Structures are given as structure tokens and as C-alpha cells.
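Remarks on the overall topology
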Amino acid sequence: MRTRLLPLLIVLMAAVLLALGVPLAVSTAAAQQQKVVVDRIDDTARFAALAQFVTDTPATARPTSTDDRLETLRRELASYYGVYGIRAGVFYRNASSMANAPDDWVLPTTGEVREAFDESLLSRRSHDPAQVWPWQRSRLVVASPVIRDGDVVAVVVTDSPTGPMRSRTLRDWLVIGAGECTAMLLAVGAALRLTGWVLRPVRVLDATTHAIASGRLKSRVAAAGGPPELRRLARAFNEMADNVEDVLEQQRAFVADASHQLRNPLSALLLRIELLALELPEDNEEIASVRTEGKRLAQVLDDLLDLALAEHADADLMTTDLGRLAEERIAAWAPAAAAKGVRLTGDCTPTTGWADPVTLSSALDAVIDNAVKFTPEGGLVEVTVRAEGDVSTVVVTDSGPGLTDEELARVGDRFWRSGRHQNVKGSGLGLSITRALLAAGGGSLTFEHHEPRGLRVTVAVPRGG
């Protein structure tokens, strides 16, 4: 969840910073240019004041008077160009030059300079030039009219290079960019802290939920801070887990108590049946059937009690040699398999696992018993011990009739037995007890088809604690 929430927060914060930074950068560039334009306006106004009282008038191309005001204007323009590198000139209405610097600069017939000159002839200052960005090599042109007796007699034009202005703008933009990057890093750090604070209770809740789903019913959500809503959710989850555990405990207690309480009257009933059988002929089929059903009921009660104890008991886990344990169980079941005409073999590679040896022995007994029970005479049951990644497995395969896909989905459920095997001795609880015992120690029991026929049962336990 953090990998999905964090990019969203970063994108939102980046959008906010861009929404603030871009207008700020544009405003900075505009301020830098406006400052230059204002300076040029002041300069043109000063030159216009000097040129206002120059008595020379254009004759053909260039005035020849030695008027002191004209000489002063020319010196000022030359000094201005020499210091700032800005071309400046005063031009009569017919575009001839009154004074200009440098000397070879003349008023062009087209372009920005000409447009500003023509605009000033209308007795107003030229419009502010278009915005110049750092990547553009444009120039700034500002023109102001020289007015004498209410008439425009000349125009002052300045043509400024924009390199220094663009450099200052770029420097300001770098400062803004550095500030944006710093703000973004701070925002990312804040987002990491925020998502960690918000999602920490969610991670704890997820881990606890997984633990309970895996059978560790005593797991609870520890206090992990976070928003008040998530803290309330954690408390509500713990209360729910407590209630569920209480209900399951009551269910286990009921099954165990019921099984225990029923055993005494059932034992008495079986005893009376045996006494009744003494007064009947030995080959009486009805009494034999009643005796068989009574023993089956006693076995079901014993299995129910074992199941209740298995679900409640804590596993005594330790490092166990699965290969040696499997060899012992194969040796124990070999006589039963031989009596039925089934070949029982094993490939028991020395492999360690983290398991309860007693529980694992019971699980292997249940699985091997089922394999031998349902394998026809002349069939084969194989036991293989292997280490696969983080788990150690004992795989039991048989060449029996196997199960359909529908039956495979239900095998291991309590009291479930295939309709094809109802005449085979058993209560339908053996595999349920085995699965419960393995789950208490972090193990598992799975069922698959075995090719070309039969069933493949895998007992898996962790390799290490």
C-alpha cells in the first residue's frame, strides 16, 4: 500500500510546487525586464530633455551646427554607449540623425527599432517590449518623443542588449529551482513519515490477520500509534479476535466434554451388548452388526476427542530428522502392507525440519495408513523425503483409485468420506486430525492427483525455526 500511496502524494506535492514555482519564475523574469525597461525610460527621458532645446534642424541628412547643447548630447550618448554598451540615438521626424552612438548606427527602415520610432512620433512612449526569456537572444528597444511647443520634433531610441538581464533571470531561476528541489526533498521526507505513521497500524493489522488465518489464534494487534480511526480499528479487531477465540474454545470444550461424557454410557452399552450376545447363538448376524456399529461409534468419539485436543494443544517443535522418522514409520507399516499384498518403499534422504516428532509421526501414520488401505493388492506405495526451498517435505504416493477433482477439494474435511469408500473402515476424522496437528506447528497437508493413477499426499514442515 505504501508503494501506491507514496507516489500519489509525491505527484500531488510536485504539482503544488510547480503551480507555485512556475508563476514565481515568470514573475521574476518579468520583474527583471521591467527594471531594465524603467531604467531605459529614465535614460530616454534624460536624453530627450537634452535634445529638446537643440537649435539645429535637419537640412539634408545631418546637422552641422556647433551648438553647445548638441555637442553635450553627443558626448552623453557616446559616454552612455561606452559605459553600458547600449546603442542610443536621437532622430528627427524624417529619420535623420541628430546625434547617435555609435556613429555608424542608423535608424533601420523595418524591425523593432523602426516600430518603436514610429510609435513615438504619435507623442507617446513606445509600448513595453515583449518578454525576453533566458534562452532568447533578443534586444530591448525603448523610444520616447522629444516634444517642443507641443510638437514632436525628434525621437530618442535606445537599443539594449539583454545578456546581463537574461543572466540575472537565469540566476534567479536557479535559486528558485534549488528552493523547489529542497522543498520537494522535505516534502518527500514528510510524505515518508506521514505514510509510515498512517500505514504502520495497517501493516501490524495485516500481519496479525495473516497470523490468525494461519492458525495462531492468540495473535493480537499491538499498539502502533497512527490515526485515531486506525487505533480504534485495532482495538475493535482485538475484541473480535477475543470473541472468536472464546467461541472456538467453547466449541472445542463442548466437543471434548461431549465425547468424554458419551464414552461411559457407550462403554456400558457395549458391555450389555456383549452380555446379550452370550445368550444368543454365536452366528447371530444382528448382534454382530450391533457390535460392529458400537465399536465404530466408540472410534468416532475417540477421534472427536483427539481432534479437540489437537486443535487446542501447543506443538513441541524441535529440529527433526524427517528421513529417519520416515524410515521408522515405513518399517512399522511394512507388515500391514505385506499382509495386504501392497509393496511399501521409501527414498528417505536425511533431511531436517522444524516439527514436533510425535505430531509428525502421527501424521505419517495417518497418511501411510490411508495409502495402504486404498491401494489394491499388488499396488505400490512410495514415501519420498526431500528438501524444497524453505520447507522439508514427505511425499506419499499410491497406485490406488485416487480421487476426482470434486473429491480432491473436500478430502481432509471433518467426517467426509468418498461415496466409493463408505465400506472401508474409518470415521473420516483421521486426516482432519493430522491437518490440525501439522497446522499447530506451521506445517501443512496437501493432496494432488498422482499420474498415471492414485493419490499424492505431501506433508510439509518448515526447514528451520
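Please read these numbers as outputs of a predicted model, since none were measured by experiment.

**Comments concerning the sheet that holds strand β3 (residues 139-148)**
Read from one edge of the open sheet, four strands run β2-β1-β4-β3, paired in antiparallel fashion. The open sheet has two edge strands with one neighbour each: β2 (97-101) and β3. For this sheet, the mean angle separating the axes of adjacent strands, direction not counted, is 15°. Set on the sheet, helix α2 (residues 68-84) makes contact with β1 (87-92) and β2; between it and β2 the angle comes to about 30°. Against the sheet, helix α3 (residues 112-120) contacts β1, β3 and β4 (151-161), and its axis sits at roughly 25° relative to β3.

**What about the pairing of strand β7 (residues 352-355)?**
Because side chains alternate across β7, one face comprises the buried residues Gly353 and Ala355, and the other comprises Thr352 and Trp354, none of which is buried. Of the strand pairs in this sheet, strand β5 (residues 318-321) and β7 are connected by four bridges, and their pairing is antiparallel. Residue pairing in the sheet places methionine 318 in a bridge with alanine 355 of β7.

**Observations concerning the side chain of glutamate 119**
If you trace the backbone, glutamate 119 turns up in helix α3. Taking the relative accessible area as the measure of exposure, glutamate 119 reaches 15% and is therefore buried. Leaving out residues up to four positions away in the same chain, glutamate 119 has contacts with Arg124, Arg125, Ser126 and His127.

**Let's talk about the nonpolar core**
Leu344, Leu360, Val383 and Val459 are the most contacted members of the largest nonpolar core, which totals 32 residues. Mapped by element, the contributors of at least two residues to this core are α7 (322-340), β6 (343-348), α8 (357-374), β8 (380-388), β9 (391-398), β10 (444-449) and β11 (455-462). Ranked by residue count, the leading element in this core is α8, at seven residues. Leave out the neighbours within four places in its chain, and leucine 344 touches Ile330, Trp333, Ala334, Ala337, Ile368, Val381 and Val383. Counting residues in hydrophobic clusters, the runner-up holds 18 residues, among them Phe47, Ala88, Ala154 and Val156.

**A short note on the packing of α7 against α8**
Axis separation between α7 and α8 bottoms out at 10 Å; the angle between their running directions is 30°. Overall, the two elements α7 and α8 adopt an arrangement that is roughly parallel. Remark: the crossing between α7 and α8 carries right-handed chirality. For the pair formed by α7 and α8, the contact residues are Leu322, Leu325, Ala326, Arg329, Trp333, Ala336, Ala337 and Lys340 on the first element and Pro357, Leu360, Ser361, Leu364, Asp365, Ile368, Asp369, Val372, Lys373 and Phe374 on the second. Its residues placed into classes, the contact of α7 with α8 shows 12 nonpolar, one polar and five charged.

**What to know about α7**
Helical geometry note: an α-helix holds 3.6 residues per turn, so side chains three or four residues apart project in the same direction. Its 19 residues give α7 an end-to-end C-alpha distance of 26 Å, which sits within 8% of 27 Å, the value for a rise of 1.5 Å per residue. If you look at α7, its biggest bend is around 40°, right at alanine 334, and the proline proline 335 turns up within four residues after that. Listed as buried for α7 are Leu322, Gly323, Leu325, Ala326, Arg329, Ile330, Trp333 and Ala337. Measuring from the backbone nitrogen of glycine 323 back to the side-chain oxygen at the start of α7 gives 3.1 Å, which picks out aspartate 321 as the cap. At the exit of α7 stands glycine 341, carrying a positive phi of roughly 80°.

**Remarks on the pairing of β8**
In terms of strand pairing, β6 meets β8 through six bridges, oriented parallel. The partner of leucine 344 across the bridge, within β8, is valine 381. Of the strand pairs in this sheet, β8 and β9 are connected by eight bridges, and their pairing is antiparallel. Across the sheet, the residue bridging to alanine 387 is serine 392, located in β9. Hairpin geometry of β8 and β9 is characterised by an intervening segment of two residues between the two adjacent antiparallel strands and by a positive phi of about 65° at glycine 389.

**As for the packing of aromatic side chains**
Within the structure shown, the criterion is met by six aromatic pairs. With 5.1 Å between their ring centres and 80° between their planes, phenylalanine 47 and tyrosine 80 make a pair best called edge-to-face. Note that phenylalanine 47 is positioned in helix α1 (residues 2-51) and tyrosine 80 in helix α2, a separation of 33 residues in sequence. In terms of burial, phenylalanine 47 and tyrosine 80 fall into one category: buried. Ring centres 6.1 Å apart and planes at 40° place the aromatic pair tryptophan 133 and tryptophan 173 in the tilted group. Highlighted residues: tryptophan 133 in the loop between α3 and β3 and tryptophan 173 in helix α4 (residues 163-213), separated in sequence by 40 residues.

**A short note on the pattern of salt bridges**
Scanning the model with the defined rule gives 14 salt bridges in all. With a shortest N-O distance of 3.9 Å, lysine 373 and aspartate 369 are connected by a salt bridge. Of this pair, lysine 373 and aspartate 369 both sit in helix α8, four residues apart, which is roughly one turn of that helix. Judged by relative accessible area, lysine 373 falls into the partly exposed class, the value being 27%. Where salt bridges share partners, they join Arg87, Arg139 and Asp159 into one cluster.

**Remarks on the confidence of the model for the protein chain**
For the protein chain, the mean per-residue pLDDT works out to 81, and 83% of the residues sit at or above 70. Of all the helices and strands in the protein chain, helix α6 (residues 285-312) carries the lowest mean pLDDT, 66, while β1 carries the highest, 92. Counting contacts from residues 59-66, a segment whose pLDDT is below 50, to residues more than four positions away or on other chains yields 14 contacts.

The rules we used
- All residue numbers refer to position in the chain's written sequence, counted from 1.
- For this predicted model, a pLDDT threshold of at least 70 governs which residues receive local features, and a threshold of 80 or more governs which side-chain atom pairs are given and counted, while totals over whole chains, interfaces and linings are taken from all residues.
- Think of the side-chain values as coming from all heavy atoms in the structure, minus any hydrogens and water.
- A pair of strands is considered paired only if DSSP assigns at least 2 bridges between the two.
- Each helix corresponds to a stretch of at least 4 residues labelled H or I by DSSP, and each strand to a stretch of at least 2 residues labelled E; elements are numbered beginning at the N terminus.
- In this analysis an axis means a line fitted to C-alpha atoms, helices contributing only their contacting stretch, and an angle means the value between N-to-C directions, from 0 to 180 degrees.
- Contact criterion: two residues are considered in contact whenever any of their non-hydrogen atoms come within 4.5 Å of each other.
- Three exposure classes are used, based on accessible area relative to the maximum for each residue type with a 1.4 Å probe and protein chains only: buried under 20%, partly exposed in between, and exposed over 50%.
- Only buried residues count toward a nonpolar core, which is a set of Ala, Val, Leu, Ile, Met, Phe, Trp, Tyr and Cys residues joined through side-chain atoms within 4.5 Å.
- Oblique is the label for any angle not covered by the other classes, which are roughly parallel (under 35 degrees), roughly antiparallel (over 145) and roughly perpendicular (65 to 115).
- With the far helix as reference, a near helix turned anticlockwise by less than a right angle produces a left-handed crossing, and one turned clockwise produces a right-handed crossing.
- All amino acids are sorted into three groups, where Ala, Val, Leu, Ile, Met, Phe, Trp, Tyr, Cys and Pro are nonpolar, Asp, Glu, Lys and Arg are charged, and the leftover types, Gly among them, are polar.
- A helix is expected to span 1.5 Å multiplied by its residue count minus one.
- Bend, in this description, refers to the angle at a residue between axes fitted to the seven residues ending there and the seven starting there.
- A 3.5 Å cut-off defines polar contacts: any pair of N or O atoms within that distance qualifies, except that in protein one atom must be a possible hydrogen donor and the other a possible acceptor, and neighbouring residues in sequence count only when both atoms are side-chain atoms.
- A pair of Phe, Tyr and Trp rings is counted when the ring centres sit within 6.5 Å of each other, with Trp represented by its six-membered ring. The angle between the planes then sorts it: under 30 degrees is stacked, over 60 is edge-to-face, the rest tilted.
- One speaks of a salt bridge when a side-chain nitrogen belonging to Lys or Arg is within 4 Å of a carboxyl oxygen belonging to Asp or Glu.
- A score from 0 to 100, pLDDT tells how confident the predictor is in each residue.

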